[in-house]
Amino acid sequence: MSDTINTAQAVKQNIHEFGESIIEISHLQKSFGDNHVLTDFNLHIRRGENVVVLGKSGCGKSVLIKCIAGLLPYEGGSLKVFGKEIKDLKHKELDNMRASIGFVFQSSALYDSMTVRENLEFPLRRQKHGKSKQEVKKLIEETLENVGLLSAINLMPAELSGGMRKRIGLARSLVLEPELMLYDEPTTGLDPFTAREISRLMLDMQHKYNTSSIIISHDMQCAKLTANRLAVMMDGINYAQGTYQELSQLNDPKIHAFFENL
Amino acid sequence: MENKKEETIQPKSQGAPYWLSFLPAGVQDFLTETGETSRFAGKFFQEVFLPPYEFKEIIRQSYEIGYRSLPLVATTAFIIGMVLTLQSRPTLVRFGAEAWLPAMVSVSIIREIGPVVISLICAGKIGSGIGAELGSMKVTEQIDAMEVSGTNPFKYIVVSRIISTTIMIPILVIMGDGIALYGSFLAVKAKGAVSFTLFFHQVFQNLDFSDVLPAIIKSFFFGFVIGLIGCYKGYNSKNGTEGVGQSANSAVVVASLLVFILDLIAVQITAFFGYI
């Protein structure tokens, strides 16, 4: 069992700057057959905090947030979101909890058969039955305006560029006004300029909607811009965590090699 | 405690159980696939009666599946009706039984050719369409996105499509049968003087409920397996974009095969009750 390298600043920030813990992951284990993806993963996230989980491709970063969203079952350890153990939740309870979680997928996952408006309407219809048609319309327009794409409201996903799809994916998650955002490689496949725009937008939206975030990425620029804290995933564990400055100066050969190669 | 466990997220089964390991790999795969498909069908029956009911999606899918398949079904049925008549006529003429042509053609179309051929066309068009659509939704994480939105993707995507195919395919079969008979009438008319009224009088005189009812009932089952297999293959699509093509392809092959197997079973049941 390996311990995570915690830098002093990370511990201090964690205790003083942010609110109560909203995600508590302890000794999490997840395997696919003989492939042990998460062996002993530990991570705590507090309200208002942005944590970027860095790691090589295929190391299990996406598996981690899919476990947090209840999309994948896990075999061992504990994973508490908003104080509730995910694997003990019934489907109905999980659906209720998901109303407070926004998930931005790597591929944006926009529904191909629906317009942008319908894509944003879909989670609203499913989660907030109390809203009138006018309120829904207003909320959708406001959210699209926040991501700068109100003009695309009647377009189909096939008519959007990669960057626009990411923005719409973000808007679709924000429309439910979640407390926690999960981003799966939000800048992958984008040119550096658009990637930076998306990173800034994520940060703006975090301030505007007052969310906490887990950002899965291997884009160091995105990490530098958005993270309060970085967690480095290696061999299925949270190998080290701290601010960008601290981790880049850490005297650990593995971290050193990792930062040099990214 | 047992109940609670069943309702929470559980890992899906993987591969054949160890006690089947003495069987050849191909047999194991076949049994696993059959078991998984049955489990998928079981889940459909479990979900179909429980609220919330996705009526809007069922209507949308019925429009997509039924209305959009009508031109293809109508064209094929019309040609089949004409060809069957033109091919049968010389033999009947040789035996002096030309007057039996409407009766023979109508019984063939209504009992067998209509339901089977139209279902096979639908297995090709609708089964592959559903397989590819669901496969691509799976690959692009749209199904996960739906689940995160608090929607039961199985109910929204799978149940609505299976209900739609189960309802729409019998309707397409009935319409296709009518169009095939009209094609047959035109073929008869082209070769000799026969009125519309006389032709259809002869058709209905030789048809009874034992011809029509079993054919319609089996069409419901054909519709069900086309929807079920299309959804199963698409929903369990693997290997990225390559898997989407494989899902569409195997949906057509398996659904077509099952249509023939169900038809064979239907014939045996009909014979058992003395309707042949």
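Reading guide: rules and limits
- Residues numbered from 1 in each chain as written.
- Chains lettered and ligands numbered in written order.
- Predicted model: local features only at pLDDT ≥ 70, side-chain atom pairs only at ≥ 80, totals over all residues.
- Helix = DSSP H or I, 4+ residues; strand = E, 2+ residues; numbered from the N terminus.
- Buried ≥ 20, exposed ≤ 12 C-beta atoms within 10 Å, placed from the backbone.
- Contact = placed C-beta atoms within 7 Å.
- Rg over C-alpha atoms; globule rule 2.2 N^0.38 Å.
- Pairing = 2+ DSSP bridges.
- Core = buried A, V, L, I, M, F, W, Y, C linked by C-beta atoms within 7 Å.
- Axes fitted to C-alpha atoms, helices over the stretch in contact; angles between N-to-C directions.
- Parallel < 35°, antiparallel > 145°, perpendicular 65-115°, else oblique.
- Left-handed = near helix turned anticlockwise from the far one by under 90°.
- Expected span 1.5 Å × (residues − 1).
- Bend = angle between axes of the 7 residues up to and from the residue.

J.: Would you mind going over the overall build of chain B with me for this structure?
T.: Summing up its helical and strand segments, chain B has 10 helices and zero strands in all. Walking chain B from its N terminus toward its C terminus, one meets helices and strands in the order α-α-α-α-α-α-α-α-α-α. The principal-axis extent of the C-alpha atoms belonging to chain B is close to 75 × 45 × 35 Å. Here chain B, with 276 residues, has 40% of them falling under the buried criterion. Expressed as a percentage of contacts within chain B between residues at least 6 apart in sequence, the contacts between residues at least 24 apart total 86%.

J.: Sorry if this is basic, but what is going on with the overall build of chain A here?
T.: Of the regular secondary structure elements, chain A holds 10 helices and 11 strands. Scaling as 2.2 N^0.38, a compact globule of 262 residues should have a C-alpha radius of gyration of about 18 Å, and chain A matches this with 18 Å. Taken along the three principal axes of its C-alpha coordinates, chain A extends 55 × 45 × 40 Å. In chain A, the share of contacts with a sequence separation of at least 24, taken over all contacts with a separation of at least 6, comes to 69%.

J.: Is there a simple way to think about the sheet that holds strand β3 (residues 35-46) of chain A in this case?
T.: Strands belonging to one sheet form pairs held by backbone hydrogen bonds; the direction of such a pair is parallel or antiparallel. Residues and elements named next belong to chain A. Spatial ordering of the open sheet is given by β3-β2-β5-β6, a layout of four strands whose pairing is antiparallel. Pairing within the sheet leaves two strands with one partner each, and these edge strands are β3 and β6 (84-85). Examined bridge by bridge, strand β2 (residues 21-32) and β3 share eight bridges and lie antiparallel to one another. The residue of β3 that forms the bridge with I25 is L43.

J.: Looking at this model, I keep getting lost on the nonpolar core. Mind explaining?
T.: I68(A), L182(A), V225(B) and A255(B) are the most contacted members of the largest nonpolar core, which totals 133 residues. Excluding its chain neighbours within four sequence positions, the residues that come into contact with V225(B) are A255(B), L258(B), V259(B) and L262(B).

J.: It is not clear to me how the interface of chain A and chain B should be interpreted in this structure. Could you clarify?
T.: At the interface, 23 residues of chain A touch 17 residues of chain B. Put simply, the parts of the chain that give the side of chain A that touches chain B at least two residues each are α3 (91-98), β7 (101-104) and α4 (116-127) of chain A. Looking at which element gives the most residues to the side of chain A that touches chain B, the answer is α4(A), with four residues.

J.: I'm lost on the packing of helix α5 (residues 101-139) of chain B against helix α8 (residues 196-205) of chain B in this one. Help?
T.: The angle between the axes and the distance between the axes are what describe a pair of packed helices. Residues and elements named next belong to chain B. The interhelical angle for the contact between α5 and α8, taken along N-to-C directions, is 55°, at an axis separation of 8 Å. Classified by the angle between their axes, α5 and α8 sit oblique to one another. Like other packed secondary-structure pairs, α5 and α8 cross with a definite hand, here right-handed. Residue-level contacts link P102, A103 and S106 of α5 to F199, Q202 and V203 of α8.

J.: Even after reading the chapter, I still don't get the environment of D191(A), so can you show me in this structure?
T.: Residues and elements named next belong to chain A. With respect to the helices and strands, the residue D191 is situated in the loop between β8 (180-184) and α7 (192-209). Residue D191 is classed as exposed on the basis of its C-beta count, with 11 C-beta atoms lying within 10 Å. Taking the C-alpha atoms as reference, D191 lies 8.8 Å from G163; in sequence the two are 28 residues apart.

J.: When you look at the pairing of strand β10 (residues 229-234) of chain A in this model, what are you seeing that I'm missing?
T.: Consecutive residues of a regular strand have side chains that alternate between opposite faces of the sheet. Residue and element names in this part refer to chain A. In terms of residue burial, β10 counts as a mostly covered element, since five of its six residues are buried. Alignment of strand β4 (residues 50-54) against β10, held across four bridges, turns out to be parallel. Looking across to β10, one finds that V53 is bridged to A231.

J.: Quick question: what am I supposed to make of unusual backbone geometry here?
T.: In the segment running from P51(B) into P52(B), the intervening peptide bond is cis, with an omega of 0°. In this fold, P52(B) is placed in the loop between α2 (25-48) and α3 (55-66). Despite not being glycine, E185(A) has its phi angle at roughly 45°, a positive value. Looking at the element boundaries, E185(A) is found in the loop between β8 and α7. Of note in the backbone geometry, N239(B) takes a positive phi value of approximately 65° without being a glycine. Checked against the element boundaries, N239(B) lands in the loop between α9 (209-235) and α10 (240-272).

J.: Help me out: how do you make sense of helix α7 (residues 153-191) of chain B in this one?
T.: Given 3.6 residues per turn, any residue in an α-helix points the same way as the ones three and four places further on. Here α7(B) is 39 residues long and its end C-alpha atoms lie 55 Å apart, about the 57 Å a rise of 1.5 Å per residue gives. At V159(B), α7(B) is bent by approximately 25°, the largest bend along its length.

J.: So what exactly am I meant to see when it comes to the environment of F259(A) here?
T.: All names here are of chain A. If you trace the backbone, F259 turns up in helix α10 (residues 253-261). With 18 C-beta atoms counted inside 10 Å, the residue F259 sits in the partly exposed group. Expressed as a C-alpha distance, the spacing of F259 and S21, which sit 238 residues apart in the sequence, is 28 Å. F259 has contacts with L247 and S248, leaving out every residue within four places of it along the chain.

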